[in-house]
Amino acid sequence: ANAERLRDRLNGTVERAVDIAQATVDGTPIYRVRVGPLVSVDVADRVVEALVHLGLHEHTVVFD
């Protein structure tokens, strides 16, 4: 439910797709809210700025 609330909050704020990915850590399911794809460093910087503005200081940027 927390991941869904965050996804919904971000959908109105960031200009990228927002989805939820489930993973398992030590047998416990966790849910990651993912934003992207981020096509450039400039786009990533803008998304990070929006996240910080929302008070979301814990994030990881990954480029494939």
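Residues numbered from 1 in each chain as written. Predicted model: local features only at pLDDT ≥ 70, side-chain atom pairs only at ≥ 80, totals over all residues. Heavy atoms only, no water.

A.B. asks: So what about the overall build of the chain? Which residues, and what values?
C.D. replies: If you tally the helices and strands in the chain, you get two helices and two strands. Mapped in sequence order, the helices and strands of the chain form the string α-β-β-α. Oriented by its inertia axes, the alpha-carbon framework of the chain measures out at about 35 × 25 × 20 Å. Here the analysis covers contacts within the chain between residues at least 6 apart in sequence; of these, 28% occur between residues at least 24 apart. Put simply, the chain shows about 5,000 Å² of open surface, and 47% of that area lies on carbon and sulfur atoms. (Helix = DSSP H or I, 4+ residues; strand = E, 2+ residues; numbered from the N terminus. Contact = heavy atoms within 4.5 Å. Areas by Shrake-Rupley, 256 points an atom, 1.4 Å probe, with all protein chains shown as cover.)

A.B. asks: I'd like a rundown of unusual backbone geometry, residues and numbers included.
C.D. replies: Looking along the chain, the bond that leaves Gly36 and enters Pro37 is cis, with omega of 15°. Checked against the element boundaries, Pro37 lands in the loop between strand E2 (28-35) and helix H2 (41-53).

A.B. asks: I'd like a description of the pairing of strand E1 (residues 18-25), backed by residues and values.
C.D. replies: Along a regular strand, successive side chains alternate from one face of the sheet to the other. Bridge count between E1 and E2: eight bridges; the pairing is antiparallel. For Asp19, the partnering residue across the bridge sits in E2 and is Arg34. Between E1 and the antiparallel strand that follows it, E2, lie two residues; Asp26 among them carries a positive phi value of about 50°. (Pairing = 2+ DSSP bridges.)

A.B. asks: Tell me about the nonpolar core, residues and numbers included.
C.D. replies: By size, the foremost hydrophobic cluster in this structure holds nine residues: Leu10, Val14, Val18, Leu38, Val43, Ala44, Val47, Ala50 and Leu51. Ranked by residues supplied to this core, first place goes to H2 with five residues. Look past the residues within four positions of Leu51 in its chain and what remains in contact with it is Leu10, Leu56 and His59. (Core = buried A, V, L, I, M, F, W, Y, C linked by side-chain atoms within 4.5 Å. Buried < 20%, exposed > 50% of the residue type's maximum accessible area, 1.4 Å probe, protein only.)

A.B. asks: Kindly report on H2, identifying the contributing residues and their values.
C.D. replies: Here H2 spans 18 Å end to end across 13 residues, near enough to the 18 Å set by a 1.5 Å rise per residue. Looking at the buried residues of H2, the elements they touch are helix H1 (2-11) and E2. Trailing H2 by a residue or two, Gly55 shows a phi angle of about 90°, which is positive. (Expected span 1.5 Å × (residues − 1).)

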